[in-house]
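Coordinates in review
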Amino acid sequence: MSFLGRVIIHRSLLRPSFSARRFTMSALETLAQEIETQKALFNGLREQKAETSVLDEAKKKLADLQKQMGLAKAASGSKEASSKKSAPRILLKTGKGTRDYGPSEMHCREHIFNILRDVFSNFGGSQLDTPVFERKEILAGKYGEDQKLIFDLKDQGGEELSLRYDHTVPLARYLAMVGSNNDQSKIWQIGKVYRRDQPVMSKGRMREFSQADFDYCGSWDPMVPDAEIISLVSTILTRLDVGEFTIKLNHRKVLDGIFEVCGVPQDKMRAISSAVDKLDKMSWADVKQEMTVEKGLDSTAADKIGEYVKLKGAEDLLEKLLQDTTLTSNKSAKAGLDDMAILFSLLKAFRVLDKISFDLSLARGLDYYTGIIYEAIVAASAPPGFSADATASSPDAPPPPPAKPSKKKPKKESADDDEEVDESSVGVGSIGGGGRYDNLVGMFTSASGGKATSIPCVGVSIGVDRIFALVWPKWQAEGQRTKDTLAYVMAAGDGLLIERIELVRELREAGISADFLAKKKPKLTAQFAAGEKDFVPFAIIVGEEEAKEGYVTVKEQKWEMVGTEEGKKKKEKIKSDDKGVKVKRETLVQWLKERSS
């Protein structure tokens, strides 16, 4: 039958006659066979690298056949077409700004979490856990211009709720509820927070992300908790091996004093502070334009601010500012500078001065800060063209060169999608930050109608996902393991499943991470392959005779990173003629602990 004949027959399926329906199944089967034949022809031509015109003709014919099949199924009222209509396909992906972490990535993240918990405990902290959502009124009015980034939830039976933006406000709400029962305490939290920001996944900037917070709560002697918090941040980043880092410091009272002496009206203070805070990712020219054009500040006042926010240093800058009579005549600025003098003397005792930069461009846009503020940065924190440790460059400096245009094709956006962010144009941002917030708890107690109980606080938030974005590539390059299994129990001979299970149980009860292949009679090569896949350092081989005599053979295995032809590195087992050593079953646990320590 000719191709034209087939087309006529398939069109006849559209007639709702009894004969057409009776012919449907036969026609569908024939058409399905022709589609398979055409697919095979097309794939064969592609493998033979046929001319483009021949490939295009074969592809077009295949598409025509598939289109006919769709029309035929629709006309015949087939169950397949009907079921597809009633069960639409789902898009298998995570929500925007969220992601999954596989087992190997989670092993790295647990490494980060374990260091955080260890340092928090080492510094005398106690753990707190708060709900991931709060009453909307709790979060309202605490985040300045970032208020728009809060995720609001639909009405849940009369309560207006929002996902928490950070751990600080929920902590303040908790302290307001328990009152003076929690005076003078150190509290830490680790958990997920949510912001409707533009995500840049490769830089750890997401809509759902993990933060680790440590806060001093209560009245202490001036600047002692503030200094210890900075020491804690330095300890964490050193142990996490994030590379060279700087902790930028400033004081809200100093910054407010600068604004006052430069002529910023009180009602514009927070708005101008928010603009200054963008100097780590925008040029001075752009920040000045935002101050003057968007926020209505006088150009002369903006230029005066520019002369101050370019300054950074350490004790030398403090001395310079203390000699500025214009600035020290301002009550707010003088109080902030006095605090900074105490702080520097304490930081010297904590031996972290070499990590500090007193940076007058640091503002931190959140409304609740009242004193010292700080951010931890690395080289990757700043966008391309900016220096991470010199973000407050001279106001007269030229803007950085524009980032190279991305070669990626723009994604199609749905009606409710936000504009995509070019990942090549942004940095990781700060990997930790915080400050003193003395009035936040009192705001809650006062607003609730109770006695305005003030609990001064100072704390820091560590961005786990941003740190992961820095640590994970190193973790991979170093060939780090994906699990901590220390021993893999194997059998040489007739499976010895019971013996393997008993030995694994003994090792686990003794605190040694052990595993085995869950098969009755696995080949020894398969067992070695299973252990080597996880880079397990000790292979414990159980033999029939050794089992009777109370011995096992232990073979230590080692790996190294080697280069490939493509210029990459991979982890490869070091070849060895070592057949292993015999170890008494009763001393095996001690032997393993000594060799692995």
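Here goes a summary of the coordinates provided. (Residues numbered from 1 in each chain as written. Predicted model: local features only at pLDDT ≥ 70, side-chain atom pairs only at ≥ 80, totals over all residues. Heavy atoms only, no water.)

So, on to the nonpolar core. With 81 residues, the main nonpolar core has Leu-116, Val-242, Met-291 and Ile-305 as its most contacted residues. Counting residues per element, this core draws most heavily on helix H8 (residues 224–240), at 8 residues. Core analysis: the second largest hydrophobic core is formed by 24 residues, Ile-138, Leu-139, Tyr-368 and Cys-457 among them. (Core = buried A, V, L, I, M, F, W, Y, C linked by side-chain atoms within 4.5 Å. Buried < 20%, exposed > 50% of the residue type's maximum accessible area, 1.4 Å probe, protein only. Helix = DSSP H or I, 4+ residues; strand = E, 2+ residues; numbered from the N terminus.)

Turning next to a negative patch on the surface. A contiguous patch of negative charge on the surface is contributed by Glu-499, Glu-502, Glu-544, Glu-545 and Glu-549. Sorting the residues of the negative patch by element identifies helix H18 (497–509) and helix H20 (544–549) as the ones contributing at least two each. With 3 residues, the single largest contributor to the negative patch is H20. Note that Glu-499 resides in helix H18. (Patch = residues over 30% accessible without salt bridge, like charges linked within 9 Å, V, L, I, M, F, W, Y side chains within 5 Å. Areas by Shrake-Rupley, 256 points an atom, 1.4 Å probe, with all protein chains shown as cover. Salt bridge = Lys/Arg side-chain N within 4 Å of Asp/Glu carboxyl O. Lys, Arg positive; Asp, Glu negative; His and termini not counted. Charge placed at Lys NZ, Arg CZ, Asp CG, Glu CD.)

This next bit is on helix H13 (residues 315–322). Along H13, the residues that are buried comprise Leu-317, Leu-318 and Leu-321. Take H13 and look down its axis: the buried residues cluster within an arc of 105 degrees, on one side only. On its buried side, H13 packs onto strand S7 (312–313), helix H14 (325–328), helix H15 (331–350) and strand S8 (356–359). (Arc of directions from axis to C-beta. Contact = heavy atoms within 4.5 Å.)

This part covers the packing of helix H7 (residues 168–178) against helix H16 (residues 440–447). Describing two packed helices takes the angle between their axes plus the distance from one axis to the other. Contact pair H7 / H16: the axes reach a minimum separation of 8 Å and the direction vectors enclose 55 degrees. Considering the angle they form, H7 stands oblique to H16. In this structure, H7 crosses over H16, and the sense of that crossing is right-handed. Here H7 contributes Thr-168, Val-169, Ala-172, Arg-173, Leu-175 and Ala-176 to the contact with H16, which in turn contributes Leu-440, Val-441, Phe-444 and Thr-445. Taken together, the residues of the contact of H7 with H16 sort by class into 7 nonpolar, 2 polar and 1 charged. (Axes fitted to C-alpha atoms, helices over the stretch in contact; angles between N-to-C directions. Parallel < 35°, antiparallel > 145°, perpendicular 65-115°, else oblique. Left-handed = near helix turned anticlockwise from the far one by under 90°. Nonpolar A, V, L, I, M, F, W, Y, C, P; charged D, E, K, R; others polar.)

Another aspect to go through is the sheet that holds strand S18 (residues 581–584). Strand order in the open sheet formed by 5 strands is S13-S12-S14-S15-S18, with mixed pairing between adjacent strands. Of all strands in the sheet, those bounded by a partner on one side alone are strand S13 (514–516) and S18. Direction aside, the axes of adjacent strands within the sheet are offset by 35 degrees on average. Pairing of strand S12 (residues 487–492) with S13 involves 3 bridges; the strand directions are parallel. (Pairing = 2+ DSSP bridges.)

Its place among the elements puts Ser-332 in helix H15. Setting aside residues up to four positions removed in sequence, Ser-332 forms contacts with Lys-253, Val-254, Asp-256 and Gly-257. Engagement of the side chain of Ser-332 in a polar contact is seen with the backbone oxygen of Lys-253, the distance being 2.8 Å. (Polar contact = N/O pair within 3.5 Å; in protein donor to acceptor, adjacent residues only side chain to side chain.)

Glancing now at the side chain of Arg-436. Relative to the assigned elements, Arg-436 resides in strand S10 (residues 432–436). Here Asp-226 takes part through its side chain, which lies 3.0 Å from a polar atom of the side chain of Arg-436. Among the polar contacts made by the side chain of Arg-436, one reaches the side chain of Asp-438 at a distance of 2.8 Å. Once residues lying within four places of it in the same chain are set aside, the contact partners of Arg-436 are Pro-225, Asp-226, Tyr-368, Tyr-369, Thr-370, Gly-371, Ile-372, Pro-456, Cys-457 and Val-458.

What follows covers the packing of helix H5 (residues 103–122) against H8. The interhelical angle for the contact between H5 and H8, taken along N-to-C directions, is 145 degrees, at an axis separation of 10 Å. For the element pair H5 and H8, the recorded crossing hand is right-handed. In contact with Ile-112, Ile-115, Leu-116, Asp-118, Val-119 and Phe-120 of H5, H8 contributes Leu-232, Thr-235, Ile-236, Arg-239 and Leu-240. Per-class residue counts for the contact of H5 with H8 are 8 nonpolar, 1 polar and 2 charged.

Taken together, the side chains of Val-132, Phe-133 and Leu-153 make up a nonpolar region of the molecular surface, amounting to roughly 220 Å² of accessible area. Along the chain, the position of Leu-153 falls in the loop between helix H6 (136–139) and strand S3 (161–163). Assessed through its relative accessible area of 32%, Leu-153 is described here as partly exposed.

Pairing is mixed across the open sheet formed by 9 strands, whose spatial order is S1-S4-S5-S11-S10-S9-S6-S8-S7. Only two strands of the sheet have a single partner each, and these edge strands are strand S1 (126–127) and S7. On the sheet, helix H17 (residues 464–477) packs against strand S5 (208–217), strand S9 (372–378) and strand S11 (457–463) and is oriented at approximately 40 degrees with respect to S11.

Quick look at the pattern of salt bridges now. As a working rule, side chains carrying opposite charge can pair if their charged atoms are close by. On inspection of all chains with the given rule, the structure shows 31 salt bridges. Of the charged contacts, one joins Lys-483 and Asp-534 as a salt bridge, the two residues approaching to 3.4 Å between their closest N and O atoms. Linking Lys-483 in the loop between H17 and S12 with Asp-534 in the loop between helix H19 (524–533) and strand S14 (538–543), this pair joins segments that are 51 residues apart in sequence. For Asp-534, a relative accessible area of 10% translates into the label buried.

Let us now look at the state of the cysteines. One pass over the structure, following the stated rule, counts 0 disulfides. With no disulfide of its own, Cys-457 lies 4.1 Å from the sulfur of Cys-217, the closest cysteine sulfur. (Disulfide = S-S within 2.5 Å.)

Judged from the 4 bridges that link them, S14 and strand S15 (residues 551–556) form a sheet pairing that is antiparallel. Counted as the bridge partner of Ile-540 is Val-554 from S15. Two elements, S15 and S18, share 4 bridges in a ladder whose sense is antiparallel. Note that in S18 the partner of Tyr-551 across the bridge is Lys-584.

Counting across every chain of the model gives 12 aromatic pairs. Relative to Tyr-368, the ring of Tyr-143 lies with its centre 6.3 Å away and its plane at 75 degrees, an arrangement referred to as edge-to-face. Of this pair, Tyr-143 sits in the loop between H6 and S3 while Tyr-368 sits in the loop between S8 and S9, placing them 225 residues apart in sequence. Across this residue pair, the class does not change: Tyr-143 and Tyr-368 are buried. Between Phe-344 and Phe-358, the ring centres sit 6.2 Å apart and the planes meet at 55 degrees, which makes this aromatic pair tilted. Pair noted here: Phe-344 is in helix H15 and Phe-358 is in strand S8, with a separation of 14 residues, a long-range link. (Phe/Tyr/Trp six-rings, centres within 6.5 Å; stacked < 30°, edge-to-face > 60°.)

Glancing now at H7. All of the buried residues along H7 are Thr-168, Val-169, Pro-170, Leu-171, Ala-172, Arg-173 and Leu-175. Of the surrounding elements, those touching the buried residues of H7 are strand S2 (133–135), H6, strand S4 (185–194), S5, H16 and S11. Remark: Gly-179 follows H7 within two positions and exhibits a positive phi of approximately 65 degrees.

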